[in-house]
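# Coordinate inspection notes
Each chain, letter by letter, is given below.
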Amino acid sequence: MPLNPLREIIESGKTVLKGNAVRMGSYPVRDWGIGWKAVAVLILLVVLALPSVQAASVPAGVEAFPPSVDSYHDGAVTGLFAKLAGRVAQQPFNLVATVIFFLAICHTFLSSKFLHQAHAWEHQLDGLDATSRDPEILRTRDRLRFRATVFHFLGEVEAVFGIWLVPLGVAIVIFKGWGTMVNYFNHLNYVEPIFVFVVMAIASSKPVLRFAEACLSRVAALGGKTPAAWWFSILTIGPLLGSFITEPAAMTICAMLLLERFYRLQPGEKLRYATLGLLFVNISVGGTLSHFAAPPVVMVAGKWDWGLGFMFLHFGWKAIVGILVANLLFFVIFRRELLALRSRDGERSEKQEPVPPFITAVHLFAIAWTVLNAHYPALVVIGLLFFLAFVVATERHQSSIRLRGPMLVGFFLAALVAHGGCQQWWIAPVLGELSEWPLMIGATMLTAVNDNAAITYLATLVPDFTDELKFAVVAGAVTGGGLTVIANAPNPAGQSILQSAFGPDGVKPLKLFLAALIPTLIVGAAFMLLP
């Protein structure tokens, strides 16, 4: 055990989390020829530069991009179609950026097809003689390996929007020039992707999961700690934790506990998708008990002066009612299958070596530090480095921290930020044209094809929003947060953790959408119909 773990981190590039390796998927980082710690230091240096980059003015000769909503000067134009057509006429790039965005969305729905083909080529590769030196067989192996790797990458849902950044960047260069493209990507706000990456890594650690499991175990004990009791307690209490530890942390904890306590028992496909749909919807609305945990609420709370009391009185208790009704309904529908599930490891958790309270307290403090400094990326990443040093120093009570999932999710969200910045030209006028109920329904539908935080942010740009319209747009944004993987920032984290439970082709977007539809309608009704 190194006496100076932080120095060990920086100098050796080898983290001793367990077995002397940080693992990403099935590969240790050191096998890539680079140390994770070196990567972390580079991330820190980049993040430290972000404030100065974001504060910098637009370089001389570089066009402001994307144009602000006010720059179109079309306030007197009546009719939504006429307004959008006029904006496309002024800025033809608007249409190109939106076509690219919707092609990326279509790609997410086809991701399972790419994975299926990748696995088919991998199967062919496995059938070839690995020891053969025949030139033709070697060329065939290289060809199959290359195709399988490319299609596996194309099938990673978390990578889809990053892939489509390539045509977006090319389009910006063609229409606006190289300088505008560089300036646009440099001035984007990557605070949320960095925060989600860090909080996911910390929340997935062994001490945090043990602590959450112990808390939820008390609720599951009311039902005899059966798989059905664990299912109900995780999907009910877990999402509400998101109002205090943030939604990404709650998603990570709930997904990992569901994987261990429920999905490993191999329930039927319908129940698997129903559970995933419930998880996504419940996490999305479960963060509305406070004003600082759910990304779509954070976007508007300061500008609209929404505090903790306001959120609970107008959203929080309604979210609790919606979650309980949806969970009870699905429990009734699947009661036979849920009650038939049997745990395979008996008293496994009681036989495990306990984690010392001090170590658990430090991990919980790391989450608290990350949450409280969520808008200061440099402090967030510095906290991560010290957290990793502490993990090194307490190796015996730790497990390997897998960073592949958090890094892919961070990549996904960063790409979504880049695409979303080019969509305000049409989203803002669509929101501004709707009354209360149509606005709520419209925000729910728009959330399915865009991050819900982007929806609420754009709502703050719409002038003369009444209190009723403000409530409607936020209610719609959080209600629709479970319909697709791109609808809510924590969803990619949950899908990344649970992907293996849905077979070699992973989660199918259409089945997820259908599974989330009923709980979406329930929580939407709770927000709009309850007094």
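Quick look at the structure, then. No experiment lies behind these values; they were computed from the predicted model shown.

## So, the overall build of the protein
Tallying secondary structure elements over the protein gives 27 helices and two strands in all. Within the protein, the proportion of its 531 residues that are buried is 54%. Excluding contacts between residues fewer than 6 apart, the proportion of contacts in the protein whose partners are at least 24 apart in sequence is 80%. Accessible area of the protein: about 23200 Å², with a carbon and sulfur share of 66%.

## Topic: the packing of aromatic side chains
One pass over the structure, following the stated rule, counts 23 aromatic pairs. Ring geometry for Phe161 and Phe412: centres 5.6 Å apart, planes at 85°, overall edge-to-face. You can see Phe161 sitting in helix H7 (residues 157-163) and its partner Phe412 sitting in helix H21 (residues 404-420), a full 251 residues away along the chain. Take Phe161 and Phe412: they sit in the same class, and that class is buried. Within the aromatic cluster, the residues linked to one another by ring pairs are Trp304, Trp306, Phe310, Phe315, Phe465, Phe471 and Phe527.

## With respect to the environment of Phe502
Here Phe502 is to be found in the loop between helix H26 (491-498) and helix H27 (509-529). Between the C-alpha atom of Phe502 and that of Glu269, which follows or precedes it by 233 residues, the distance is 7.9 Å.

## As for the side chain of Thr370
Note on placement: Thr370 falls in helix H19 (residues 357-372). Excluding residues within four positions of it along the chain, Thr370 makes contact with Phe195, Val198, Val199, Ile202 and Val380.

## Quick word on the packing of helix H14 (residues 269-286) against helix H16 (residues 308-333)
One can describe the packing of H14 onto H16 by two numbers: an axis separation of 10 Å at closest approach and a directional angle of 170°. In terms of orientation, H14 and H16 fall into the roughly antiparallel class. Here Ala274, Leu278, Asn282, Val285 and Gly286 of H14 lie close against H16, whose contacting residues are Ala319, Ile323, Ala326, Asn327 and Phe330. Grouping the amino acids of the contact of H14 with H16 by side-chain chemistry returns seven nonpolar, three polar and no charged.

## Structural notes on the layout of surface pockets
A volume near 1100 Å³ is recorded for the second largest pocket. In terms of lining, the second largest pocket is formed by 37 residues, of which the most central are Asn189, Glu192, Met299, Val417 and Tyr457. Mapped by element, the contributors of at least two residues to the lining of the second largest pocket are helix H10 (191-203), helix H15 (295-304), H19, H21 and helix H24 (452-459). For the lining of the second largest pocket, the residue count by class is 25 nonpolar, nine polar and three charged.

## Details of H21
The end-to-end C-alpha distance of H21 is 24 Å, a good match for the 24 Å that 17 residues give at a rise of 1.5 Å each. With respect to burial, H21 is a largely interior element, 13 of its 17 residues being buried.

## Brief notes about the pattern of salt bridges
Using the criterion set out here, one finds seven salt bridges in the structure. The residue Glu136 makes a salt bridge to Arg139 at a minimum N-O spacing of 2.9 Å. Taken together, the positions of Glu136 and Arg139, both in helix H6 (residues 135-154) and three residues apart, correspond to about one turn of that helix. For the salt bridge of Glu213 with Arg261, the shortest nitrogen-to-oxygen distance reads 2.7 Å. Taken as a pair, Glu213 in helix H11 (residues 206-220) and Arg261 in helix H13 (residues 247-261) lie far apart in primary sequence, 48 residues in all. According to the relative accessible area criterion, Arg261 is buried, its value standing at 13%.

## Notes on empty space enclosed by the protein
Enumeration over the complete set of coordinates arrives at three cavities of 30 Å³ or more. Of the voids in this model, the largest cavity is the one considered here, and its volume is about 90 Å³. Considering the residues around the largest cavity, the lining is formed by 13 residues, among which Thr108, Phe109, Thr484, Val485 and Pro509 are closest to the centre. Looking at the lining of the largest cavity, the elements with two or more residues in it are helix H4 (93-109) and H27. Tallying contributions element by element places H4 first for the lining of the largest cavity, with three residues.

## Re a nonpolar patch on the surface
A cluster of nonpolar residues, Phe365, Trp369, Tyr376, Leu379, Ile382 and Phe386, forms a patch on the protein surface that exposes about 590 Å² of accessible area. Listing elements by their share of the nonpolar patch, those giving two or more residues are H19 and helix H20 (377-393). With three residues, the single largest contributor to the nonpolar patch is H20. Position of Leu379 among the secondary structure elements: in helix H20.

## Brief notes about helix H8 (residues 165-176)
Counted at 1.5 Å a residue, the expected span for H8 with its twelve residues is 16 Å, and the 16 Å between its end C-alpha atoms agrees. Those residues of H8 that sit buried are Leu168, Gly169, Ala171, Ile172 and Lys176. All buried residues of H8 fall inside an arc of 160° around its axis, so they share one side. The exposed residues of H8 that point more than 90 degrees off its buried face are Val166 and Ile174. On its buried face, H8 is in contact with H4, helix H9 (178-186) and H21. Of the residues flanking the end of H8, it is Gly177, one or two places downstream, whose phi is positive at about 105°.

Conventions used here
Residues numbered from 1 in each chain as written. Predicted model: local features only at pLDDT ≥ 70, side-chain atom pairs only at ≥ 80, totals over all residues. Heavy atoms only, no water. Helix = DSSP H or I, 4+ residues; strand = E, 2+ residues; numbered from the N terminus. Buried < 20%, exposed > 50% of the residue type's maximum accessible area, 1.4 Å probe, protein only. Contact = heavy atoms within 4.5 Å. Areas by Shrake-Rupley, 256 points an atom, 1.4 Å probe, with all protein chains shown as cover. Phe/Tyr/Trp six-rings, centres within 6.5 Å; stacked < 30°, edge-to-face > 60°. Axes fitted to C-alpha atoms, helices over the stretch in contact; angles between N-to-C directions. Parallel < 35°, antiparallel > 145°, perpendicular 65-115°, else oblique. Nonpolar A, V, L, I, M, F, W, Y, C, P; charged D, E, K, R; others polar. 1 Å grid on protein atoms, 1.4 Å probe; cavity = no way out; pocket = protein on both sides within 12 Å on 5 of 7 lines; lining within 4 Å. Points joined across faces, edges and corners; volume = space filled by probe spheres on them. Expected span 1.5 Å × (residues − 1). Salt bridge = Lys/Arg side-chain N within 4 Å of Asp/Glu carboxyl O. Patch = residues over 30% accessible without salt bridge, like charges linked within 9 Å, V, L, I, M, F, W, Y side chains within 5 Å. Arc of directions from axis to C-beta.

The values are spatial; any link to function lies outside them.
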